[in-house]
Amino acid sequence: MRDRVCLVHYHEIGLKGKNRNRFERILMDNLKAALAAFSLEAIERISGHILLSFTDESEPEAALPIIAKVPGVARVSLAFRCERSHEAYAAAAIEALQEFGAFTSFKVSAKRSNTDYAIPSIDMNRQVGEVLCNAFPNKLVKMHKPDATVHVHVVQGKAFVYAKSERGVGGLPQGSAGKVVTLLSSGIDSPVATWMMARRGAIPVPVHFSGRPQTSDESEYLVRDIVEALAPAIQIGRVYVIPFGDAQREISLVCPGSLRVIMYRRIMYAVAERIARLEGARALVTGESLGQVASQTLENIAAVDEMASIPVLRPLIGSDKQEIIDRAHQIGTYELSCQTAPDCCTLFMPRRPETHARLQAVHEAWNQFDHEAMIEDLVARAEHSDFFAPVYRPPREA
Ligand code: ATP
Ligand code: MG
C-alpha cells in the first residue's frame, strides 16, 4: 500500500529555537489557506517536515507549484508514503525515479529518523541502489551532483520516498512578523515590494490612491487583480482605496508646480500612516528604488519621510529596474503592471518636478493649504475591499 503526499521542507523556520513550534503552526495554517480549493485530508508535522495528504490522489502533483510559492517553504517534494519494508520502499523508489523526468545519473539518499528500524541507512542506500540499477540499467550512479536523488526517509511506522521536488520561495510564514501598510500603485515596483515583505513573514495591508473622481477607477481594478494574482500563496485580506483626485487638484492649484509631487507624496504617507494606526500595522512600505525617478532622490525621500512616525521600509531601494522586472515576472504581476491605467501618478503632474527639494521650500508649500483637514477627509473617504486571507485580522470596528 502506498499513497501520494506532499512533503514540505523548511530551513529558516527550523532554526528559530523556542519559536519553532509557533512558526510551524503558522506555516501549516497558511498552507491550509493556500490549498482551500483542494481536497486536503490531513496536514501534520513529521520529523522536521510538514506532510500534506489529499483525498483526491491526483491533487498532490497539482498542489506542488502552489505550495512552493508559500512563504516559509524551502522545498516541496512529491512523495510516496509506504510501509517500512525494503520491498515497499524499493518499489516506490522505482516509481519515484520514473516520474522524475529526464536524467542520466542518480543516487539514493536514505535516512532513518527512528533507530528502531533495523537496517542502517548505509545499507538502505546500497540495497535500494541495487534495485534501481537493475530497473534503470542505462543510468549511472553518481555520488557527487547527480541529476536525480531518490530520497528514502524512514520514520516511525512509515517510509517516505521521493525524487521529484520543487524549490520554494523561502522566507518566513506570513503572520510571523505582523502587519505592514504598503503603498500599492498598479506599477511594477510596489507589487514586488509588497510580495517581498509578505515573503519575510509580514501581512501586507495595501493602500491605493486612485485618481477618482478626476480619473476613472481602472487602476483600482488593476490593484485588485494584482492582489488576486499573488493569491492563494500570498494572503492579503484587505485593500484600501483612497479617491485622491480632488485633493490633488486642490494641491495643484495652490502649490508651486515643482513641489507638487512631493506634496502628493506627503499626503499619501500621512494617510497611509493613519490607516496603519487603525490596522495596528507597524511600518509603511513603498516600492521606491534610489534615483529611479525624480521623486526618489535622497533629498526627496527625506522630504516625505518626515511625515511618518513609524518606519518606512523600502525593500527595493538598492535594486535595479531589471531585477525588479525579473521578480515581477516570477511572482506573476508583470503583465498586470504593464497595463496602463490613469491613477493619481498621471494626474496633475508638473512639467519639471523638483529632484532635490530643500526642506524649507517644502515646508512653505506644505503650509499653503489645510493639509490636516485634507488628510482627515481622505482617511474618512477610505474604501476597502476584502479578500480571502485567514491570516489577516481586520481591526475592531470603532
Ligand atoms: P511603482 O511601480 O510601484 O508605481 P514607480 O517607479 O512608478 O513605482 P513612483 O510612481 O514614484 O514610482 O512611486 C513610488 C512609490 O510610491 C511606489 O512604489 C508606491 O509605493 C507609492 N505610490 C505611487 N503611486 C501610488 C498610488 N497611486 N497608490 C499608492 N501608492 C503609490
Ligand atoms: Mg508609479
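Residues numbered from 1 in each chain as written. Chains lettered and ligands numbered in written order. Predicted model: local features only at pLDDT ≥ 70, side-chain atom pairs only at ≥ 80, totals over all residues. Heavy atoms only, no water.

**Overview of the overall build of the chain**
Broken down by element type, the chain carries 13 helices and 14 strands. Projecting the C-alpha coordinates of the chain onto the three principal axes gives extents of approximately 80 × 45 × 35 Å. With 398 residues in all, the chain has 52% of them scored as buried. Residue pairs in contact within the chain that sit at least 24 positions apart in sequence constitute 80% of those at least 6 positions apart. Of the roughly 18200 Å² of accessible surface on the chain, 50% is carried by carbon and sulfur atoms. On the chain, the mean spot of the 45 positive side-chain charges and the mean spot of the 47 negative ones are 6 Å from each other. (Helix = DSSP H or I, 4+ residues; strand = E, 2+ residues; numbered from the N terminus. Buried < 20%, exposed > 50% of the residue type's maximum accessible area, 1.4 Å probe, protein only. Contact = heavy atoms within 4.5 Å. Areas by Shrake-Rupley, 256 points an atom, 1.4 Å probe, with all protein chains shown as cover. Lys, Arg positive; Asp, Glu negative; His and termini not counted. Charge placed at Lys NZ, Arg CZ, Asp CG, Glu CD.)

**Notes on the side chain of S319**
Considering the arrangement of structural elements, one finds S319 in the loop between β13 (312–313) and α10 (321–331). Judged by relative accessible area, S319 falls into the buried class, the value being 18%.

**Description of the site of ligand 1**
Around ligand 1, the surrounding shell holds 22 residues, and the nearest of these are L183, S185, D189, S190 and Q292. The contact in question runs from an oxygen atom of ligand 1 to an N or O atom on the side chain of D189, over 2.6 Å. Between ligand 1 and Q296, the relevant distance is 3.0 Å, taken from an oxygen atom to a side-chain nitrogen or oxygen of the residue. Coverage of ligand 1 by the protein chains reaches 91% of its 570 Å² of free accessible surface. At the level of secondary structure, the elements contributing two or more residues to the shell around ligand 1 comprise α5 (189–199), β10 (203–210) and α8 (260–279). A per-element tally of the shell around ligand 1 places β10 first, with three residues. Residues that form the shell around ligand 1 fall into these classes: nine nonpolar, nine polar and four charged. (Near = heavy atom within 4 Å. Polar contact = N/O pair within 3.5 Å; in protein donor to acceptor, adjacent residues only side chain to side chain. Nonpolar A, V, L, I, M, F, W, Y, C, P; charged D, E, K, R; others polar.)

**Focus: unusual backbone geometry**
Among all residues save glycine, negative phi is the norm, and among peptide bonds the norm is trans. A cis amide bond links R212 to the next residue, P213, at an omega of 0°. You will see that S47, though not glycine, has its phi angle at about 30°, which is positive. Exposure remark for S47: the relative accessible area of 39% places this residue in the partly exposed category. Despite not being glycine, K145 shows a phi value in the positive range, around 50°. Structurally, K145 is set in the loop between β6 (140–141) and β7 (148–155).

**Focus: the sheet that holds β10**
Across the sheet, which stays open at both edges, the six strands sit in the order β13-β12-β9-β10-β11-β14 with mixed pairing between neighbours. Strands with a single pairing partner mark the edges of an open sheet, and in this sheet they are β13 and β14 (383–386). Two strands pair when backbone bridges link them, and β10 and strand β11 (residues 238–243) are joined in this way by four bridges, in the parallel orientation. Paired with F209 across the strands is I242, a residue of β11. (Pairing = 2+ DSSP bridges.)

**A look at the UniProt feature "domain: THUMP" (unreviewed entry) in the chain**
Here the UniProt feature "domain: THUMP" (unreviewed entry) sits at residues 61–165. Its end C-alpha atoms 10 Å apart, residues 61–165 is made of 34% helix and 34% strand. (UniProt positions renumbered as here; feature names shortened; annotations may be inferred.)

**Regarding the nonpolar core**
V181, M263, I267 and L284 are the most contacted members of the largest nonpolar core, which has 43 residues in total. Every element with two or more residues in this core is listed here: β9 (179–183), β10, β11, α7 (245–254), α8, α9 (298–305), α12 (359–366) and α13 (371–380). The element contributing the most residues to this core is α8, with 11 residues. Once residues within four sequence positions are removed from consideration, V181 is found in contact with V205, V207, A272, I275, A276, A281, A283, L284 and V285. (Core = buried A, V, L, I, M, F, W, Y, C linked by side-chain atoms within 4.5 Å.)

**Some remarks on the packing of helix α3 (residues 86–98) against helix α4 (residues 121–135)**
Packing of α3 against α4 brings their axes to within 10 Å, and their N-to-C directions diverge by 50°. The angle between α3 and α4 places the two elements in the oblique class. The chirality of how α3 crosses α4 is right-handed. On the side of α3, the interface is formed by H86, Y89, A90, A93, I94 and L97, while α4 contributes M124, Q127, V128, V131, L132 and A135. (Axes fitted to C-alpha atoms, helices over the stretch in contact; angles between N-to-C directions. Parallel < 35°, antiparallel > 145°, perpendicular 65-115°, else oblique. Left-handed = near helix turned anticlockwise from the far one by under 90°.)

**Considering the sheet that holds strand β1 (residues 2–9)**
Taken together, eight strands build an open sheet; the order of strands is β2-β3-β1-β4-β8-β7-β5-β6 and the sheet is mixed. Looking at the sheet topology across the chains shown, the edges are occupied by β2 (40–46) and β6. Two strands pair when backbone bridges link them, and β1 and strand β4 (residues 73–82) are joined in this way by eight bridges, in the antiparallel orientation. Bridge assignment links D3 to a residue of β4, and that residue is R81. Sheet contacts for helix α1 (residues 20–34): β1, β2, β3 (49–54) and β4; angle to β2, the most-contacted strand, approximately 160°. Here α3 sits on the sheet in contact with β1, β4, β5 (105–112), β7 and β8 (158–170), set at roughly 35° to β8.

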